[in-house]
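Structure assessment
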Amino acid sequence: MNTARSLLCVYHENFGTNWNLSASDCYTFYGGAHLCRHEEIRRACIAGGFTPIANSWIADRIDDDDALFINSNDCSNFDGQDGVGAGKTGKYCCSEWPKY
């Protein structure tokens, strides 16, 4: 997503595992990327041309043992929560660069 202030790259992986390993995979396989935050997925939705893929981890943690994941392709309500040890079939990795 290319905006006036930044370039946000959103990568979806079709393989996933628990939250911790998914977070590590983003960093390892995408040059220091991180699991996308809810806000980043929402911005991609608002920009248009982006549809979330269900059963994919995102970064936001709810509490000690729970995190958000994509549970719907509806940009108005795409998040659910599950235990960080649960397996998911995908994950979203993000990188963002500011524009000067």
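Check the entry above for the structure.
The structure contained in this document is the topic of the report that follows. (Residues numbered from 1 in each chain as written. Predicted model: local features only at pLDDT ≥ 70, side-chain atom pairs only at ≥ 80, totals over all residues. Heavy atoms only, no water.)

Next up on the list: the nonpolar core. Counting residues in each nonpolar core, the largest one holds 13 residues, and the members touching the most others are C36, I41, F50, I58, I70 and Y92. Mapped by element, the contributors of at least two residues to this core are helix 2 (38-47), strand 4 (66-70) and strand 6 (90-98). Here the element with the most residues in this core is helix 2; it accounts for 3 residues. Here I58 is in contact with W19, L35, C36, H38, I41, L68, F69, I70 and Y92, once residues within four sequence places are set aside. Core analysis: the second largest hydrophobic core is formed by 10 residues, L35, W57, F69 and C93 among them. (Core = buried A, V, L, I, M, F, W, Y, C linked by side-chain atoms within 4.5 Å. Buried < 20%, exposed > 50% of the residue type's maximum accessible area, 1.4 Å probe, protein only. Helix = DSSP H or I, 4+ residues; strand = E, 2+ residues; numbered from the N terminus. Contact = heavy atoms within 4.5 Å.)

Attention now goes to the environment of G87. By the element assignment, G87 lies in the loop between strand 5 (79-83) and strand 6. Since its relative accessible area comes to 55%, G87 is described here as exposed.

This brings us to the packing of aromatic side chains. Tallied over the full model, the rule gives 3 aromatic pairs. Ring geometry for Y11 versus Y30: centroids 4.4 Å apart, planes at 20 degrees, classification stacked. Taken together, the positions of Y11 in strand 1 (residues 6-13) and Y30 in the loop between helix 1 (19-29) and strand 2 (34-35) put the pair 19 residues apart, joining distant regions of the chain. Note on Y30: relative accessible area 24%, which makes it partly exposed. Ring geometry for W57 against F69: centres 6.3 Å apart, planes inclined by 75 degrees, an arrangement best described as edge-to-face. Of this pair, W57 sits in strand 3 (residues 56-61) while F69 sits in strand 4; the two residues are 12 residues apart in sequence, bridging distant segments of the chain. Owing to a relative accessible area of 0%, W57 belongs among the buried residues under this scheme. Here R61 stacks its cationic end above the ring of W19, 4.6 Å away from the centre of that ring. (Phe/Tyr/Trp six-rings, centres within 6.5 Å; stacked < 30°, edge-to-face > 60°. Lys NZ or Arg CZ within 6 Å of the ring centre and 35° of its normal.)

Turning our eyes to something else, we now look at the state of the cysteines. All told, the structure shown has 3 disulfides when counted by the stated rule. Disulfide pairing places C26 opposite C93 at an S-S distance of 2.0 Å. Judged by the sign of its S-S torsion, about -75 degrees, the bond between C26 and C93 is left-handed. With C26 in helix 1 and C93 in strand 6, this pair connects stretches of sequence that are 67 residues apart. Judged by relative accessible area, C26 falls into the buried class, the value being 0%. Linked covalently through their sulfurs, C45 and C75 form a disulfide whose S-S length is 2.3 Å. Measuring handedness by torsion sign, the sulfur bridge of C45 and C75 sits at about -75 degrees and is left-handed. Here the residue C45 occupies a position in helix 2, and C75 occupies one in the loop between strand 4 and strand 5, the gap between them amounting to 30 residues. You'll find C45 and C75 in the same group, each marked buried. Look at the protein and number its bonded cysteines as they come in the sequence; the links are 1-5, 2-6, 3-4. (Disulfide = S-S within 2.5 Å.)

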